[in-house]
Amino acid sequence: MENTTRQEELETLRELIKDVDTAMLTTVSEEGLVSRPMKTQEVEFDGDLWFITKKDTDKYEEILHENEVNISYAGKSYVSIRGRAEIVEDIAKKKELWSKAYEKIMKASYDDPNVVLIKIKAEAAEYWDTSFTKNIVYFYKRLAGKEAENTDINETIEL
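Residues numbered from 1 in each chain as written. Predicted model: local features only at pLDDT ≥ 70, side-chain atom pairs only at ≥ 80, totals over all residues. Heavy atoms only, no water.

## What about the nonpolar core?
And step 1. Grouped together as the largest cluster of nonpolar side chains are 23 residues, with contacts concentrated most on Leu-49, Phe-51, Ile-71, Tyr-73 and Ile-120.
And step 2. Of all the secondary structure elements, the ones that give two or more residues to this core are helix 1 (2-17), strand 1 (22-28), strand 3 (48-54), strand 4 (68-74), strand 5 (78-88) and strand 6 (115-128).
And step 3. No other element matches strand 6, which puts 5 residues into this core.
And step 4. If we skip the residues at most four places from it in the chain, Tyr-73 touches Ile-17, Val-20, Thr-22, Ala-23, Thr-40, Leu-49, Phe-51, Tyr-78, Val-79 and Ile-81. (Core = buried A, V, L, I, M, F, W, Y, C linked by side-chain atoms within 4.5 Å. Buried < 20%, exposed > 50% of the residue type's maximum accessible area, 1.4 Å probe, protein only. Helix = DSSP H or I, 4+ residues; strand = E, 2+ residues; numbered from the N terminus. Contact = heavy atoms within 4.5 Å.)

As structure tokens, this is what we get:
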């Protein structure tokens, strides 16, 4: 039963983030929290998120010192995923995730030793359902001075 629930929760998250091209990765620096946009990889979400970066970036150093991170997505819904990051230098995985766009953006190839992967193992996620109908009913009632019942637009999942 527990495995079925986990699969359902992963499927919910998969559906919420599948069409969002850019995520915001938040790491911990010496000055505090830092967020930056990252290209979402086109792989099936199974509880792990993958990103491509270089060793000569602040996020690389930040993850080496503190691996607790957060990823947020904004699309049809809002999703915030908390997890632990690790640096992966698996050349086969880099090749699998690589695209020609990265060559232009990073001015490197997947086999460049400076190119690494960030693998984030999701631990928990929170999402807000922003479906038009739920929000319109909630706000209409509030504007009309009526009590608006909980519209269940927020959910937390422990992975």
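## Side note on the pairing of strand 1
Along any regular strand the residues' side chains alternate between the sheet's two faces.
And step 1. Where strand 1 and strand 2 (residues 33-39) come together, 7 bridges link them in antiparallel fashion. Paired with Leu-25 across the strands is Arg-36, a residue of strand 2.
And step 2. Remark: 4 residues form the turn of the hairpin made by strand 1 and strand 2, two consecutive strands paired antiparallel; Gly-32 in that turn has positive phi of roughly 135°.
And step 3. Sheet analysis places strand 1 next to strand 4, joined by 3 bridges and oriented antiparallel. Of the residues in strand 4, the one forming a bridge with Leu-25 is Ile-71. (Pairing = 2+ DSSP bridges.)

## Quick word on unusual backbone geometry
And step 1. Here the phi dihedral of Lys-107 falls at roughly 50°; this positive angle occurs in a residue that is not glycine.
And step 2. Checked against the element boundaries, Lys-107 lands in the loop between helix 4 (100-106) and strand 6.

## Overview of a negative patch on the surface
And step 1. Residues Glu-30, Glu-31, Asp-58 and Glu-61 make up a contiguous surface patch of negative charge.
And step 2. For Glu-61, the location among the structural elements is in helix 2 (residues 58-65). (Patch = residues over 30% accessible without salt bridge, like charges linked within 9 Å, V, L, I, M, F, W, Y side chains within 5 Å. Areas by Shrake-Rupley, 256 points an atom, 1.4 Å probe, with all protein chains shown as cover. Salt bridge = Lys/Arg side-chain N within 4 Å of Asp/Glu carboxyl O. Lys, Arg positive; Asp, Glu negative; His and termini not counted. Charge placed at Lys NZ, Arg CZ, Asp CG, Glu CD.)

## Observations concerning the pattern of salt bridges
And step 1. With the rule as written, the count across this model stands at 13 salt bridges.
And step 2. Between Asp-19 and Lys-76 there is a salt bridge, and its shortest N-O distance comes to 3.5 Å. Taken together, the residues Asp-19 in the loop between helix 1 and strand 1 and Lys-76 in the loop between strand 4 and strand 5 connect sequence positions 57 residues apart.
And step 3. Of the residues examined, Lys-76 reaches a relative accessible area of 65% and is grouped as exposed.
And step 4. Linking Lys-121 and Asp-48 is a salt bridge whose minimum nitrogen-to-oxygen distance equals 3.9 Å. Linking Lys-121 in strand 6 with Asp-48 in strand 3, this pair joins segments that are 73 residues apart in sequence.
And step 5. The exposure class of Asp-48 is buried, given its relative accessible area of 14%.
And step 6. Salt bridges here are not isolated pairs; linked through shared partners, they connect Glu-68, Arg-82, Arg-84 and Glu-123.

## Let's talk about the pairing of strand 5
And step 1. Here 7 bridges tie strand 4 to strand 5, and the two strands are oriented antiparallel to one another. Within the sheet, the bridge partner assigned to Asn-70 lies in strand 5 and is Arg-82.
And step 2. Hairpin connection of strand 4 to strand 5: 3 residues between the antiparallel strands.
And step 3. By the bridge criterion, 11 bridges tie strand 5 to strand 6 in an arrangement that is antiparallel. Its bridge partner being in strand 6, Ile-87 is matched across the sheet by Ile-118.

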